[in-house]
Amino acid sequence: MYVARRAEDAEQAAEPSQAPSSAPASVSLDRATAVGELRIAGSIAESWSNFGSARANAAVTHGKWQYEAHLGTAGIQQLGYVTVAAAFTSEEGVGDCPDSYAFDGHRVRKWNVTCTPYGEAWTAGDVIGCALDLDAGVMSFTRNGRDMGQAFTNIRRPLAYYPGISLGYGERCELNFGERPFAHPLPGYRPLVASPAGRAAAAWLLACLRRLVLLLVSGAEDAVEAQALREAGVAERLASPLAARLAPLLASEHQCEGVLLPWLLELQDAKPGRDPSPGPEEADPGAGAPAPSPALQLAVQLLSQPLAMQRVQPCWQALLPVLARCVRAAPLLGPKCRATAPALLALAVGLIRLPLVRERWLSTPGWRDAYEGLMTLHQPTPRDLEVLIPAVQWMGAAACKPETPAGSGPDKASAAHNPRHVVRENEGAYRGACAALAAAAAAVEERHLELCAVLAATPTLLTGVPSEPSTRLSQFVAHLLRKNRGALRAMPPPGLSDPLALRSAFVALTRLLRPALEGAHGPLPPFPAGSHFLTGLAKRGLDRYGGAPRLGGELAHLEKTAELARAKQALQAAQGAGAQLAARHTERLCSAEAAAATRAAAWAGAALGGARCAGAHLALLLYLARLLAAAGHQAALFPYVPELYVGSLVDGFHAAAAAQALTLPGVPPPERPGLLLAAATRAAVAFVARRFADAAIVGPDLREVLLASLRRLLAQRRCLAMVEASAESRAGVIHGLLRSFHGRDWLAAKDLAHVLAANPALRARLLDRLFVMLNWALTELAAVSWELDGMAGERASERYAVSLARRVAGMAELAAALARLLEFLAARLPAAFLGASTAAGVNLARLAETAAFVVMQAGRALLRSLIDALEAAESSASRSRSSAVRQDSGDGQTLEGRANSGLSSGSSDDDTPEEFLDPILMTPMVDPVVLPESRAVVDRGTLARHLIASPTDPFTRTPLAARDARPLPELRARIAAWQAARHRGQ
């Protein structure tokens with residue numbers, strides 16, 4: 001009775017909150033006002049259309065009011081207030097019509113028919129406060145509790161204003177009209193929903209229970225009283241009425257977040273023998289051990305006594321989504337804030353380690369979404385990084401003062417006159433801030449690892465379904481895979497996970513699997529991990545990779561060209577015991593100024609690329625390389641490997657190599673596991689060297705990535721030695737380079753002549769591409785040179801002339817390199833040009849054509865130089881002689897024109913009978929043949945040249961081989977007779 005009476009007294013003494021008189025019992029978005037496909041689930045709104053808008057079902061007419069929006073995404077969202085006259089469309093929403101006002105942090109604009117700059121850029125996880133003072137006619141907004149100033153003044157009154165939102169495609173936010181405590185309440189502003197009764201009573205009861213708990217876990221000075229309480233269940237009898245009275249008060253989400261959560265945070269940080277209340281100079285508590293503190297463990301035990309068990313159960317179930325929502329919005333560091341991400345995650349780990357709480361949490365239907373929220377990390381904006389790292393310093397930079405307002409006094413004045421002192425001060429402050437950031441990020445990463453470890457150790461209920469995951473961790477990973485199935489599409493669907501949540505889960509899973517990936521208990525086989533390559537292909541929509549491109553092309557293409565049955569047989573032959581894990585981790589740093597880039601690098605180094613995951617990252621790369629190598633030995637299965645596996649291996653390897661050389665101030669250097677790094681490097685180099693030109697990889701972008709990766713690898717002595725040490729890798733590089741030669745950046749290789757001599761088909765393709773590229777380079781060189789020479793006497797743009805000169809130099813260098821390669825092949829492989837085969841005759845003819853073109857261009861250049869020299873030597877007295885050279889010579893040609901005609905003169909094909917001309921090159925045929933499908937007559941040499949590039953009929957594109965062409969001896973004899981008669985006539 002005493003406990004109940006005192007609780008009622010505390011509740012009566014508390015100031016009750018008031019809601020607007022016209023407010024319904026529950027304030028939410030009014031579905032009847034929604035425009036566009038705006039999906040509303042409770043307090044969460046998500047747009048599945050171009051622009052979805054809606055307003056709430058409650059309005060305010062006077063007073064000062066506030067609501068908050070927790071951002072799930074950071075794109076285009078317009079948050080504010082509207083009147084009932086606002087007409088929403090698919091293009092216009094809140095702020096786009098009169099008497100509606102909104103703020104958009106993506107574009108950093110405020111909207112009222114027109115837009116003007118206002119506020120700060122926002123990011124996912126931010127809490128945006130929308131405040132409306134109808135007494136003064138002012139509307140303002142806050143971001144994470146920081147006032148961004150008055151956005152609108154002189155708001156038209158008296159009108160009823162409704163909270164309203166407009167979301168772009170895929171945008172998501174969660175609204176709080178007062179059903180929960182505000183994350184950042186504004187003094188004097190009220191929520192649209194009145195706070196539930198019982199908050200003051202619950203706070204008083206929890207304070208009583210807290211004193212009892214601290215007495216039971218107190219130090220030696222209170223050992224007698226504590227021992228007396230522990231005897232004969234005295235503590236349980238004292239706590240029983242408290243728990244019975246607390247249970248109904250804590251059932252609501254409002255009380256759970258506003259009263260229970262702060263109380264649990266205090267107990268989690270409690271140390272025996274002292275009051276856990278935070279002091280003004282107390283450090284952030286996030287670095288504590290993840291295990292539940294004795295005070296927290298005892299408090300949960302006392303609250304969950306048998307008499308109150310059923311009534312307390314909803315309280316523990318409501319606590320998980322509350323914690324997840326708070327973690328999404330919590331800062332990584334906060335000296336004046338206890339609810340930082342490390343502190344909240346330490347509490348979550350401490351609670352989930354208790355079997356009673358874990359059982360309640362994992363029985364909640366939405367535990368997977370809540371767990372995903374726990375894995376999220378709040379991404380700071382550049383403005384936030386200025387607060388976290390006020391002073392920056394980088395190599396070669398002058399003194400960079402903190403961007404906060406400078407103080408006054410002799411110390412500040414002396415520092416201003418001593419740049420070296422300022423530099424040392426800033427460097428020390430920068431290193432200290434980076435170290436604090438890295439420590440907080442390390443604490444978060446450890447808590448994430450603990451959360452996943454608890455799930456891995458918790459089995460699921462046996463359902464008898466063979467495909468049912470065996471652990472809660474497997475269920476959580478399956479949830480992430482299903483939720484992000486369409487992430488690789490050109491236009492990803494809404495509802496995807498936060499990228500930082502996926503990154504945190506990826507790092508935690510990789511660290512958990514590191515012993516298995518390294519083979520600590522025996523080597524981990526790559527299969528049956530590879531079985532997922534074929535999972536769901538028979539039924540559309542069940543593909544685990546969301547239709548992502550495979551090495552052999554799109555799935556629709558593979559269904560037509562590849563044999564799925566053979567791939568499944570190859571997979572069954574390679575089955576074994578193993579585990580599946582694949583992910584792609586990419587990091588992007590964007591810098592605009594040196595200071596912003598330095599802060600971004602510090603954040604990325606601390607929170608995104610910490611030293612703790614470096615070894616696990618290398619272990620994953622090693623396993624990916626083994627998996628891809630094993631799949632490569634199954635020719636029928638290899639085309640079904642998703643491209644992201646190869647991209648992950650290449651990007652991850654180069655990122656790991658770069659991280660080994662990257663150090664940031666205050667950030668611990670990455671782990672340097674020599675044996676693991678060497679093994680991962682060896683496996684990655686071997687795969688790239690052997691598969692970069694594999695014909696099964698059809699994607700041109702991926703082939704370019706692999707070729708560029710090989711170039712980077714061979715430029716490093718260590719990687720080059722690994723390639724040369726393996727005969728298979730060495731042969732793979734040489735054959736692959738020859739197969740991939742197409743005139744772009746191409747690498748030479750040893751033993752080139754030996755490889756080409758042993759492979760006639762490869763030699764024919766190489767020579768065909770070489771002739772094509774050399775002729776193109778020579779033609780471009782001649783055209784650009786003539787254009788550059790024609791500009792000599794004109795007033796052209798100097799920049800354009802320089803551009804042309806660079807093109808001439810580039811084309812000349814390329815043509816010279818290709819010509820040297822052709823010279824090398826002609827000297828080392830004479831049979832390829834002088835043999836008796838048709839291919840040798842074609843090569844010799846093309847070589848003669850190329851040489852004639854070079855001589856012709858060189859002759860023209862020489863004649864042009866002689867004429868220019870002659871003109872320069874002529875004096876003004878003999879100008880008539882010089883002009884005679886340029887004047888017509890009677891037949892209408894200049895001397896230069898005659899010379900060019902002579903250089904280009906030769907056997908003309910104008911008088912050649914049409915039936916003797918090759919229809920492709922329009923030159924006289926030597927050995928005519930008829931094609932079986934198109935019935936066209938072409939020269940055998942022209943056909944051989946075409947078949948090298950494409951084994952098809954050049955007119956119908958049907959498959960064709962050289963042996964299918966039928967010779968025409970009668971036509972050949974007639975052509976020979978005509979050529980002999982023509983020769984005698986000349």
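Residues numbered from 1 in each chain as written. Predicted model: local features only at pLDDT ≥ 70, side-chain atom pairs only at ≥ 80, totals over all residues. Heavy atoms only, no water.

Student: Talk me through the overall build of the chain; I want residue IDs and the actual numbers.
Tutor: Regarding its fold elements, the chain presents 33 helices and 17 strands. By residue count, 47% of the 986 residues in the chain fall in the buried class. Taking the intrachain contacts of the chain between residues at least 6 apart in sequence as the baseline, contacts between residues at least 24 apart amount to 70%. Summed over its atoms, the accessible surface of the chain is roughly 47,700 Å², and 57% of this surface lies on carbon and sulfur atoms. (Helix = DSSP H or I, 4+ residues; strand = E, 2+ residues; numbered from the N terminus. Buried < 20%, exposed > 50% of the residue type's maximum accessible area, 1.4 Å probe, protein only. Contact = heavy atoms within 4.5 Å. Areas by Shrake-Rupley, 256 points an atom, 1.4 Å probe, with all protein chains shown as cover.)

Student: Which residues make up helix α8 (residues 341–352), and what values go with them?
Tutor: Over its 12 residues, α8 runs 16 Å from end to end, which matches the ideal 16 Å to within 8%, given 1.5 Å per residue. Judged by how many residues are buried, α8 sits mostly within the fold: 12 of 12 residues are covered. Of all the positions in α8, only Ala341, Pro342, Ala343, Leu344, Leu345, Ala346, Leu347, Ala348, Val349, Gly350, Leu351 and Ile352 are classed as buried. (Expected span 1.5 Å × (residues − 1).)

Student: Could you give an account of the sheet that holds strand β17 (residues 966–967), with specific residues and numbers?
Tutor: Strands sit in the order β16-β15-β17 across an open sheet of three strands; the sheet is antiparallel. With partners counted over all chains shown, the strands left at the sheet margins are β16 (937–939) and β17, one partner each. Direction of pairing for strand β15 (residues 928–930) relative to β17: antiparallel, over a ladder of two bridges. Looking at β17, one finds that valine 930 is bridged to arginine 966. (Pairing = 2+ DSSP bridges.)

Student: Give a description of the environment of glycine 553 that names residues and reports values.
Tutor: Note on placement: glycine 553 falls in the loop between α15 (499–518) and α16 (555–561). In sequence terms glycine 553 and proline 642 are 89 residues apart; their C-alpha atoms lie 9.1 Å from each other.

Student: Quick one: what's the story with the sheet that holds strand β5 (residues 77–82), residue by residue and with numbers?
Tutor: Pairing in this open sheet of six strands is antiparallel, and the strands run β3-β12-β5-β6-β7-β8 from one edge to the other. Every other strand in the sheet has two partners, leaving β3 (51–55) and β8 (114–117) as the edge strands with one partner each. The mean inter-strand angle of the sheet, taken between neighbouring strand axes irrespective of direction, is 20 degrees. Judged from the five bridges that link them, β3 and strand β12 (residues 162–168) form a sheet pairing that is antiparallel. From the neighbouring strand, glycine 52 faces β12, where its bridge partner is leucine 167. (Axes fitted to C-alpha atoms, helices over the stretch in contact; angles between N-to-C directions.)

Student: Residue-level account of the side chain of glutamate 68, with values.
Tutor: Locating glutamate 68 in the fold gives a position in strand β4 (residues 64–71). A distance of 2.9 Å separates a polar atom in the side chain of glutamate 68 from the backbone nitrogen of alanine 183. A polar atom in the side chain of glutamate 68 sits 2.9 Å from the backbone nitrogen of histidine 184. Sequence-distant contacts of glutamate 68, defined by excluding residues within four places in its chain, comprise Val127, Ile128, Gly129, Glu174, Leu175, Asn176, Phe182, Ala183, His184 and Pro185. (Polar contact = N/O pair within 3.5 Å; in protein donor to acceptor, adjacent residues only side chain to side chain.)

Student: Pulling in residues and values, what's your account of the packing of helix α5 (residues 253–268) against helix α6 (residues 294–303)?
Tutor: With their axes 7 Å apart at the nearest point, α5 and α6 run at an angle of 135 degrees to one another. Taken together, α5 and α6 sit at an angle that is classed as oblique. Here α5 contributes Trp263, Leu264, Leu267 and Gln268 to the contact with α6, which in turn contributes Ala295, Leu296, Ala299 and Leu303. (Parallel < 35°, antiparallel > 145°, perpendicular 65-115°, else oblique.)

Student: Give me the lowdown on the packing of aromatic side chains, citing residues and values where you can.
Tutor: Going through the model one piece at a time under the given rule, you end up with 11 aromatic pairs. Taken together, a centroid distance of 5.5 Å and an interplanar angle of 90 degrees make the contact between phenylalanine 103 and tyrosine 118 edge-to-face. With a gap of 15 residues between them, phenylalanine 103 in strand β6 (residues 100–104) and tyrosine 118 in the loop between β8 and β9 (127–133) connect regions that are remote in the sequence. When sorted by exposure, phenylalanine 103 lands in the same class as tyrosine 118, which is buried. Here the aromatic cluster, defined as three or more aromatic residues joined through ring pairs, consists of Phe103, Tyr118, Trp122 and Phe141. The ring of phenylalanine 152 carries lysine 110 above its face, with NZ or CZ at 5.6 Å from the centroid. The cationic tip of arginine 691 hangs over the ring face of phenylalanine 638; the distance from NZ or CZ to the ring centre is 5.3 Å. (Phe/Tyr/Trp six-rings, centres within 6.5 Å; stacked < 30°, edge-to-face > 60°. Lys NZ or Arg CZ within 6 Å of the ring centre and 35° of its normal.)

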